[in-house]
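Each chain, written out:
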Amino acid sequence: MTAETLGRPALSADPIAAARQQWVEHGWGPAAPGMAAITSLMRAHQIALSRVEATLKPLGVTFARYEVLMLLLFSQRGSLPMKLIASRLQVHPTSVTNAVDRLEAAGLVARTAHPDDRRALIVTLTPSGRAVAAKATAALNSEVFVQPGLDEQDVRELVEVLGRMRQSAGDF
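Cut-off values and rules
- Residues numbered from 1 in each chain as written.
- Predicted model: local features only at pLDDT ≥ 70, side-chain atom pairs only at ≥ 80, totals over all residues.
- Heavy atoms only, no water.
- 1 Å grid on protein atoms, 1.4 Å probe; cavity = no way out; pocket = protein on both sides within 12 Å on 5 of 7 lines; lining within 4 Å.
- Points joined across faces, edges and corners; volume = space filled by probe spheres on them.
- Helix = DSSP H or I, 4+ residues; strand = E, 2+ residues; numbered from the N terminus.
- Nonpolar A, V, L, I, M, F, W, Y, C, P; charged D, E, K, R; others polar.
- Pairing = 2+ DSSP bridges.
- Axes fitted to C-alpha atoms, helices over the stretch in contact; angles between N-to-C directions.
- Contact = heavy atoms within 4.5 Å.

Chemist: Got a minute to help me understand the layout of surface pockets in this structure?
Modeler: Each pocket or cavity is described by its volume, and for the largest pocket that value is around 1500 Å³. Contributing to the lining of the largest pocket are 31 residues, with Ala44, His45, Ala48, Leu158 and Leu162 lying nearest its centre. Those elements giving two or more residues to the lining of the largest pocket turn out to be α2 (32-56), α3 (63-74), α4 (82-89), α6 (127-145) and α7 (152-168). Per-element tally for the lining of the largest pocket: the top contributor is α2, with 10 residues. Its residues placed into classes, the lining of the largest pocket shows 21 nonpolar, four polar and six charged.

Structure (structure tokens):
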């Protein structure tokens, strides 16, 4: 997707590079590279999420809901406790509750009481959920993941760099 396909003209200069120069000129030179890196990362996130959400929209799921579907699909039984879903997706339990509420309303998952812990709930993928997960994965693979906007070497390097960032933050 280009700026033009998103309905806006491409900029003639990089605004993050301009902001970096402003940081230097205002005496914040030591922070300028980090500001540019974080701002670039945030903008890249917006671009990637926009592509992913546009691909998933016709299927009626968001990326957050897709992640829940895929986590359930990859589980041995097609079901997991809500608390474990939050832990594996590294999100707050409230986010999982919201996603599961919408997935359940769409008939893509079902919630049942945990057999051993009456305070916990088990989320199970339905046959419709499996079908949506398969369609969504095929669409994301062909429209986004195979062509992320970077060449293979850049993709490898990006994953390595972001992996180091995530590791230093205690992600794993």
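Once the structure has been displayed, the description carries forward.
Chemist: Just to check I follow, could you spell out the sheet that holds strand β1 (residues 79-81) for this structure?
Modeler: Whenever strands of a sheet pair, they do so through backbone hydrogen bonds, lying parallel or antiparallel. Within the open sheet, the three strands sit side by side as β1-β3-β2. Their pairing is antiparallel. With one partner strand each, in any of the chains shown, β1 and β2 (109-113) form the two edges of the open sheet. Each adjacent strand pair in this sheet contributes to an overall mean axis angle of 25°, direction not counted. In the packing of α3 onto the sheet, contacts are made with β1, β2 and β3 (121-125), and the angle to β3 comes to roughly 85°.

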